[in-house]
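Working through the structure, step by step
What follows is each chain in one-letter form.
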Amino acid sequence: MNDSTDCRAVDLPFETGEYPTTWQVSDREHNILKIPGLLIVEKGKYPTGMLYGDMPIEYENGSASFPQCHRFDVLTGRLSSGAYVALMNGELSYVFPGSGRIVGAFAALSLEPFDTSEHRKYAAIELQIEGVESVAGVMPISGIKMPTKVGDEPTWQVSLVKDANFTWRAGNVSMEFCYNHRVRAFDGYEFRIAFGPVLRISSDQPLAIVGWWLEWVRPLRQLISLLTGEPREVRYLLAMVAGVAPRLRRDQVFGWDITHLPVNSTRAAVEAIRSAVNLSCDHLSLLDLLCSWKWRIKEGHPLFETYGSMVATADQHPRSRLLLLLQALEGSYGFENREEFAADNGKFGDKRNEVLERARQLLDKTDFKFVNKNLRREASRGLSQALSELLTRLPDVISEDLEGAELIKVVREADSDKNRLPVHDALTRVRNILSHGSGSFDPQHLEAAADILERAVRYEVLRLLDVPSEARERAVEKYE
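So, a few notes on the structure that sits alongside this text. Because the structure is a prediction, the values reported are computed rather than measured.

Thresholds applied
Residues numbered from 1 in each chain as written. Predicted model: local features only at pLDDT ≥ 70, side-chain atom pairs only at ≥ 80, totals over all residues. Heavy atoms only, no water. Pairing = 2+ DSSP bridges. Helix = DSSP H or I, 4+ residues; strand = E, 2+ residues; numbered from the N terminus. Core = buried A, V, L, I, M, F, W, Y, C linked by side-chain atoms within 4.5 Å. Buried < 20%, exposed > 50% of the residue type's maximum accessible area, 1.4 Å probe, protein only. Contact = heavy atoms within 4.5 Å. Polar contact = N/O pair within 3.5 Å; in protein donor to acceptor, adjacent residues only side chain to side chain. Axes fitted to C-alpha atoms, helices over the stretch in contact; angles between N-to-C directions. Parallel < 35°, antiparallel > 145°, perpendicular 65-115°, else oblique. Nonpolar A, V, L, I, M, F, W, Y, C, P; charged D, E, K, R; others polar. Phe/Tyr/Trp six-rings, centres within 6.5 Å; stacked < 30°, edge-to-face > 60°. Lys NZ or Arg CZ within 6 Å of the ring centre and 35° of its normal. Left-handed = near helix turned anticlockwise from the far one by under 90°.

As a further point, take the pairing of strand E12 (residues 192-208). Alignment of strand E7 (residues 121-129) against E12, held across six bridges, turns out to be antiparallel. Following the sheet pairing, Glu-126 is matched in E12 by Arg-200. Pairing analysis gives twelve bridges linking strand E11 (residues 173-184) to E12, with the strands arranged antiparallel. Bridge assignment links Met-175 to a residue of E12, and that residue is Ile-201.

Written out as structure tokens, the structure reads:
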């Protein structure tokens, strides 16, 4: 069995599991009580804690009701190992007089004690996100030499790539991509060298964990998921107060969507992830792409808001996935053409008022009231128009794949003018049927159409991020 645990490229300060902990809890007079219990940090779950013993229960007239719940910004404790923990943005519940439970959005484990009243701020973070080395497009090993025939000197040699790393800066933030490596060379029976990708982000303005997560880690995960075409995991997250501490003395962050399973890179795993962007070949900065992504989110661009919320989410139902993708494309079209639409609405409003004024003179009061109520108030535009324009600028492969999609064939067969319904009108009909609940479609047909539309959405997002056309073309390629 090939076991890589003894030669991991990245070691973490702490493991997932249960830790006996003494919690520091404040009572109503703001005195700090030390209460024994547990800290539980596991993959796929929020960090939790258990408390046992004499709790600061609130009594009224000699009696108390349960559960008693209290929100907190930060709640600290000390592990039996001597390390420290800070739970952040959570809730403390006293279930019974001698039992309590804590749930936090994040937990930070550290070798240094935490302040009991405020969040610790960090100048830098280090993390590993699945697929990032595929995006980077550089390998750490340039070549190897080994004996190939009998009589050759039994020597194995490996040469490393000196430039298998990137450093970028934008404003007061810098980002570095590199490979961490570990060598096992003193075994006598085995020689190994392993590499794992690492991203480091530093800020001239230190941030608390929640700030780092919301402002940098979450959008970075969304971006990597977009570039690679699949939801990607955050494998670990470390935080540094000064940015120079050894890895095993950095604070480790736990959260429900952090796996804490850093992995070594392998050719098979990297090649299995087909990234639309190759930072090395495309001469792109991952930090610039991330800043552009964040700016689009901040300006409220519907394509980024809608797709950004779903790109890192797995196991979506085909119905909701298709509807969200269509909503993203329609919203993007409206946002990009909002000035033109505003002018059209102005002209339409003037024309509408003219028509209604003539109708007032010709119709009785009841008929005029009906016309006034039912005559639309804005110029006509919608999903069909958005898709029609989109398909004219997308690579032909998207239109061709939609033409052959079973979902489009089903809609066309149900149309009175068989097989002549344009793709954009067929998709609009699907959206209306699903949104109004007037019918349904085979989930497999919906899933296949959603896969095609997601390639179109990725192309549009990359276009708005100013990614070169070659990378956009890669985003719409279909892989079996």
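For the rest of this paragraph, the subject is the nonpolar core. If you look at the biggest cluster of nonpolar residues, it comprises 96 residues, and the most contacted ones within it are Leu-226 and Leu-322. Those residues in contact with Leu-322 that sit more than four places away from it in its chain are Leu-407, Val-430, Leu-434, Leu-446, Ala-449, Ala-450 and Leu-453. Counting residues in hydrophobic clusters, the runner-up holds 22 residues, among them Phe-14, Trp-23, Val-41 and Ile-102.

To continue, consider helix H9 (residues 365-374). Of all ten residues in H9, one are buried; the element is thus mostly exposed. Backbone nitrogen of Thr-366 and a side-chain oxygen of the N-cap are separated by 3.2 Å at the start of H9; the cap is Asp-364.

Across the interface, helix H7 (residues 318-336) lies against helix H10 (residues 383-393) with an axial gap of 9 Å and an inter-helix angle of 85 degrees. As judged from the angle between their axes, H7 and H10 are roughly perpendicular. Every residue of H10 that contacts H7 at Leu-326, Leu-329, Glu-330 and Tyr-333 is listed here: Leu-383, Gln-385, Ala-386, Leu-387, Glu-389 and Leu-390. Taken together, the residues of the contact of H7 with H10 sort by class into seven nonpolar, one polar and two charged.

With that out of the way, let us pick up the packing of aromatic side chains. Scanning the entire structure with this criterion turns up seven aromatic pairs. Ring plane angle 80 degrees and centroid distance 5.3 Å describe the contact between Phe-177 and Tyr-179, whose orientation is recorded as edge-to-face. Ring pairing ties together the aromatic residues Phe-166, Trp-168, Phe-177, Tyr-179 and Phe-195, which thus form one cluster. In this structure, Arg-120 packs its charged tip against the face of Phe-114, placed 3.9 Å from the ring centre.

Our focus in this paragraph is the environment of His-424. By the element assignment, His-424 lies in helix H13 (residues 423-436). Separated by 35 residues in sequence, His-424 and Glu-389 have C-alpha atoms that sit 9.2 Å apart. Apart from residues no more than four positions distant in its own chain, His-424 is found in contact with Ser-384, Leu-387 and Ser-388.

This paragraph deals with the packing of helix H11 (residues 396-403) against helix H14 (residues 443-464). For any two helices packed against each other, the geometry comes down to the angle between their axes and how far apart the axes lie. In contact at an axis separation of 10 Å, H11 and H14 are set at 165 degrees when each is read in the N-to-C sense. Here H11 is positioned roughly antiparallel relative to H14, judged by the angle of their axes. Handedness of the H11/H14 crossing: left-handed. Contact residues: Val-397, Ile-398, Asp-401 and Leu-402 in H11; Ile-452, Arg-455 and Ala-456 in H14. The residue makeup of the contact of H11 with H14, split by class, is five nonpolar, no polar and two charged.

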